[in-house]
Amino acid sequence: MRVHLGCDHAGLDLKSHLTARLTELGYEVVDHGPFVYDALDDYPVFCIRAAEGVARDRAAGLDSLGVVIGGSGNGEQIAANKVTGIRCALAHSDETARLAREHNDAQVVAVGGRMHPIEDMTRFVELFLAEPFSQDERHVRRIGQLLSYEETGVRPPLPDSAAGLGPAEDQD
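The model shown is predicted, which means the values in this text are computed figures rather than measured ones.

A. Spatial organisation of unusual backbone geometry. Residue Pro34 follows Gly33 across a cis peptide bond; omega there is 0°. In the Ramachandran plot, Asp105 falls in the positive-phi region, its phi being about 45° despite a non-glycine side chain. Among the structural elements, Asp105 can be located in the loop between helix H4 (94-102) and strand S5 (108-112). Judged by its relative accessible area of 15%, Asp105 is buried.

This is the structure we're talking about:
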């Protein structure tokens, strides 16, 4: 499996560690930068490129996932999610790392390089990469709704249980 990595200065040490660890585990690592410490670098530059690499690989039928890293992982997740077709989840525990793949079929995971010890973040990434998507019908349906909205801009219809209960603009 190919794993695309991108970060900002706050994630540089973890990215270097993950590059070595994932290579040791047999993953093909593609490093989208940065390659030197620059306290003023901008995470979108690198995280968007990592997410685009995943999207490009998957469109070509390749087995590919991504990891984006920053101080908190929040901005990096937002940047990766701007890439069409990419679902990036923020992992802050073993469970959120696994569920990102199992329930959401996320192709990219974000971690905060300043939020946890390096051992924990490494484990989050390893769990994310190892977890398969469940293919459970409810998760497939929900992801389908997201993909449809992304492509058309048309919101999924409200279920009968919510009809008439929300704001007027929700009563389509």
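Moving on, there is more to tell.
B. Highlighting the nonpolar core. Residues Leu22, Val67, Phe128 and Leu129 are the most contacted members of the largest nonpolar core, which totals 23 residues. Broken down by secondary-structure element, the contributors of at least two residues to this core are strand S1 (2-7), helix H1 (12-24), strand S3 (64-70), H4, S5 and helix H5 (118-130). Ranked by residues supplied to this core, first place goes to H5 with five residues. Apart from the residues lying within four places of it in its own chain, the contact partners of Val67 are Val3, His4, Leu5, Gly6, Leu18, Val108, Val109 and Val125. By size, the runner-up hydrophobic cluster in this structure holds twelve residues, among which are Ala50, Val54, Ala79 and Cys88.

C. Quick look at the pattern of salt bridges. Inspection of every chain in the model, using the stated rule, returns eleven salt bridges. The partner of Asp31 in a salt bridge is Lys15, and the shortest N-O contact between them spans 2.7 Å. Of the two residues, Asp31 sits in strand S2 (residues 28-31) while Lys15 sits in helix H1, which places them 16 residues apart along the sequence. Overlapping salt bridges bring together Arg2, Glu28 and Asp57 as one network.

D. Region of interest: the pairing of S2. Note that S1 and S2 share four bridges and pair parallel. The partner of Val3 across the bridge, within S2, is Val29. A crossover connection joins S1 to the parallel S2 through H1; in handedness this β-α-β unit is right-handed.

E. Geometry of H4. Those residues of H4 lying buried are Ala97, Ala100 and Arg101. The arc that holds the buried residues of H4, viewed along the axis, is 90°, so those residues lie on one side. Those residues of H4 that are buried lie in contact with S3, strand S4 (88-90) and H5.

F. View of the pairing of S5. Most of S5 sits out of view: five of its five residues are buried. Judged from the five bridges that link them, S3 and S5 form a sheet pairing that is parallel. Within S5, the residue paired with Val68 across the bridge is Ala110. In this region the chain leaves S4, passes through H4 and returns to the parallel neighbour S5; the handedness of that crossover is right-handed.

Definitions and limits used
Residues numbered from 1 in each chain as written. Predicted model: local features only at pLDDT ≥ 70, side-chain atom pairs only at ≥ 80, totals over all residues. Heavy atoms only, no water. Helix = DSSP H or I, 4+ residues; strand = E, 2+ residues; numbered from the N terminus. Buried < 20%, exposed > 50% of the residue type's maximum accessible area, 1.4 Å probe, protein only. Core = buried A, V, L, I, M, F, W, Y, C linked by side-chain atoms within 4.5 Å. Contact = heavy atoms within 4.5 Å. Salt bridge = Lys/Arg side-chain N within 4 Å of Asp/Glu carboxyl O. Pairing = 2+ DSSP bridges. Right-handed = clockwise from strand over helix to strand, strands pointing away. Arc of directions from axis to C-beta.

Nothing here speaks to function; it is geometry throughout.
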